[in-house]
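Structural overview for review
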Amino acid sequence: MPDTQGRKEPKQFHADVPMASQGFFLRGSGSLDWGMSNRLARIFNPESGRTVMLAIDHGYFQGPTTGLERIDLNILPLAPYADALMLTRGILRTTVPPSCTKAVVLRASGGPSILKELSNEQIAMSLEDAARINASAVAIQVFIGGEFETRSVHNMTRLVDEGLRYGIPVLAVTAVGREMVRDAKYFRLACRICAELGAHFVKTYYVEDGFETVTASCPVPIVMAGGKKLPELDALTMAYRAIQEGAAGVDMGRNIFQSDAPEAMITAVREVVHNDLKPKQALELYRDLKSKRKRKTKTRAKGR
Ligand code: R5P
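Residues numbered from 1 in each chain as written. Predicted model: local features only at pLDDT ≥ 70, side-chain atom pairs only at ≥ 80, totals over all residues. Heavy atoms only, no water.

Along the backbone of the protein chain there are 12 helices and 10 strands. In summary, the protein chain has a C-alpha radius of gyration of 21 Å against a globular reference of 19 Å for 304 residues, a match within 12%. Summarising its shape, the C-alpha atoms of the protein chain cover approximately 70 × 60 × 40 Å along the three principal directions. For the protein chain, with 304 residues in total, the buried portion stands at 48%. At a minimum sequence separation of 6, the contacts of the protein chain that also span at least 24 residues come to 67%. For the protein chain, the computed accessible surface area is about 16100 Å², with 51% contributed by carbon and sulfur atoms. (Helix = DSSP H or I, 4+ residues; strand = E, 2+ residues; numbered from the N terminus. Rg over C-alpha atoms; globule rule 2.2 N^0.38 Å. Buried < 20%, exposed > 50% of the residue type's maximum accessible area, 1.4 Å probe, protein only. Contact = heavy atoms within 4.5 Å. Areas by Shrake-Rupley, 256 points an atom, 1.4 Å probe, with all protein chains shown as cover.)

With parallel pairing, the eight strands of this closed barrel are ordered in space as β1-β2-β3-β6-β7-β8-β9-β10. The average angle at which neighbouring strand axes cross in this sheet is 25°, direction not considered. Together, β6 (137-142) and β7 (170-174) form the strand contacts of helix α6 (residues 149-166), whose direction differs from that of β6 by roughly 165°. (Pairing = 2+ DSSP bridges. Axes fitted to C-alpha atoms, helices over the stretch in contact; angles between N-to-C directions.)

Turning our eyes to something else, we now look at the site of the ligand. Around the ligand lies a shell of 14 residues, among which His58, Lys203, Gly227, Gly253 and Arg254 are the nearest. His58 places a side-chain nitrogen or oxygen 2.7 Å from an oxygen atom of the ligand. Lys203 has a polar side-chain atom sitting 2.7 Å from an oxygen atom of the ligand. When the free accessible area of the ligand is taken as 370 Å², the share hidden by the protein chains comes to 94%. (Near = heavy atom within 4 Å. Polar contact = N/O pair within 3.5 Å; in protein donor to acceptor, adjacent residues only side chain to side chain.)

Bringing the pairing of β6 into the picture now. Successive residues of a regular strand alternate their side chains across the two faces of the sheet. For β6, a buried count of six out of six residues is recorded, marking the element as mostly surrounded by other parts of the structure. Taken together, the three bridges between strand β3 (residues 103-107) and β6 define a ladder with parallel strand orientation. Bridge pairing in β6 links Leu106 to Val138. Where β6 and β7 come together, five bridges link them in parallel fashion. Bridge pairing in β7 places Val142 opposite Thr174. Taken together, β6, α6 and β7 constitute a β-α-β crossover, and its handedness is right-handed. (Right-handed = clockwise from strand over helix to strand, strands pointing away.)

Before going further, it helps to examine α6. The terminal C-alpha atoms of α6 lie 26 Å apart, and with 18 residues this matches the ideal 26 Å at 1.5 Å per residue to within 8%. Along α6, the residues that are buried comprise Ser152, Val153, Asn155, Met156, Thr157, Leu159, Val160 and Gly163. On its buried face, α6 sits against α1 (34-43), β5 (122-123), α5 (127-133), β6, β7 and α7 (184-196). Just past α6, the residue Gly167 takes up positive phi, approximately 75°. (Expected span 1.5 Å × (residues − 1).)

This brings us to the nonpolar core. If you look at the biggest cluster of nonpolar residues, it comprises 74 residues, and the most contacted ones within it are Leu54, Leu106, Val138 and Met156. Leave out the neighbours within four places in its chain, and Leu54 touches Ile75, Leu78, Ala82, Ala84, Leu85, Met86, Asp251, Met252, Ile256 and Ile266. In this structure, Leu26, Met53, Ala139 and Phe201 belong to the second largest nonpolar core, which totals 17 residues. (Core = buried A, V, L, I, M, F, W, Y, C linked by side-chain atoms within 4.5 Å.)

Turning next to the pattern of salt bridges. A complete count under the given rule lists 16 salt bridges for this structure. The salt bridge partner of Glu162 is Arg165, with a shortest N-O separation of 3.5 Å. Of this pair, Glu162 and Arg165 both sit in helix α6, three residues apart, roughly one helical turn. The shortest N-O distance in the salt bridge between Lys203 and Asp251 comes to 2.9 Å. Within this pair, whereas Lys203 is found in strand β8 (residues 201-204), its partner Asp251 is found in strand β10 (residues 249-252), the two being separated by 48 residues in sequence. (Salt bridge = Lys/Arg side-chain N within 4 Å of Asp/Glu carboxyl O.)

This next bit is on helix α9 (residues 232-244). For α9, spanning 13 residues, the distance from its first C-alpha to its last is 18 Å, which sits close to the expected 18 Å at 1.5 Å a residue. Every buried residue of α9 is accounted for by Glu232, Ala235, Leu236, Thr237, Met238, Ala239, Tyr240, Ala242 and Ile243. Packed against the buried residues of α9 are α8 (211-216), β9 (222-225), β10, α10 (254-257), α11 (262-275) and α12 (279-303). Immediately beyond the C-terminal end of α9, within one or two residues, lies Gly246, with a positive phi of roughly 110°.

Turning to the pairing of β3, a few remarks are in order. By the criterion of burial, β3 is predominantly enclosed, with five of the five residues buried. Both faces of β3 are covered, namely the face carrying Ala103, Val105 and Arg107 and the face carrying Val104 and Leu106. Sheet topology places strand β2 (residues 84-87) next to β3; four bridges connect them, and they run parallel. Bridge pairing in β3 links Leu87 to Leu106. In this fold, the crossover linking β2 to β3 by way of helix α4 (residues 89-95) has right-handed handedness.

Below is the structure:
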């Protein structure tokens, strides 16, 4: 029985202070339900409004990728530096300890390997399992202009419907076929279609010409895809420009884990994304951290 004796009369109503109506910090996300908003707020830092996602889902279509051969050894040490991990449920359950509290963006599409037509994907997991895993979002490829364009768009819309039932946001990943032109016109088309059809955020590539028109015409947050490994300064410059031109973060894989010093690189990327650090300064930070790490390893080796 609750103790009802001596109960104090409530007095602190602050009747003269109107209750503030709260907005939500992410573009196009003001009308979402609480669970979905809360999940997005785990991926995107509410202070900067931005995210650094570490993409390590490559194995779902290309098997062990350079840098991802041993996720337990090479990638787990990077997790503390990321806002979110983008990965498959297989790697999550086998390799990532549940004590890891980073936001999880689960790869939810798959089917063809690199040996086949990649646009022929299907939904590859249930949202019930994503909820069981406590995922903050699910990710799916959308192949605009690809051979199986309609199927991939339909996969996405089905996932969005399921996501709405469970309060799990959907990240649409604009996948570009080899034969397609990677320009602002194409990405405006692809990103806008994804947003119009319900994606909660979109991952897309950076283009030097007109990226700001891609972000401006997409009513949900855009995260920049990393792409193939570039020299560190180029990767940092690309991230910097994408952010300055309206991206709400990055989702980078190879440019981080294939770097000579992945911890230094993800730290530099964080500074670019969350603190607007300029590319040259970010490169200096990367180099500095890289040489400190080298010295540490040498000292440790000598001590053995
Ligand atoms: C791309 O479509 C997949 O999601 C990749 O497996 C991954 O996210 C790509 O990351 P990055 O291009 O930065 O290595």
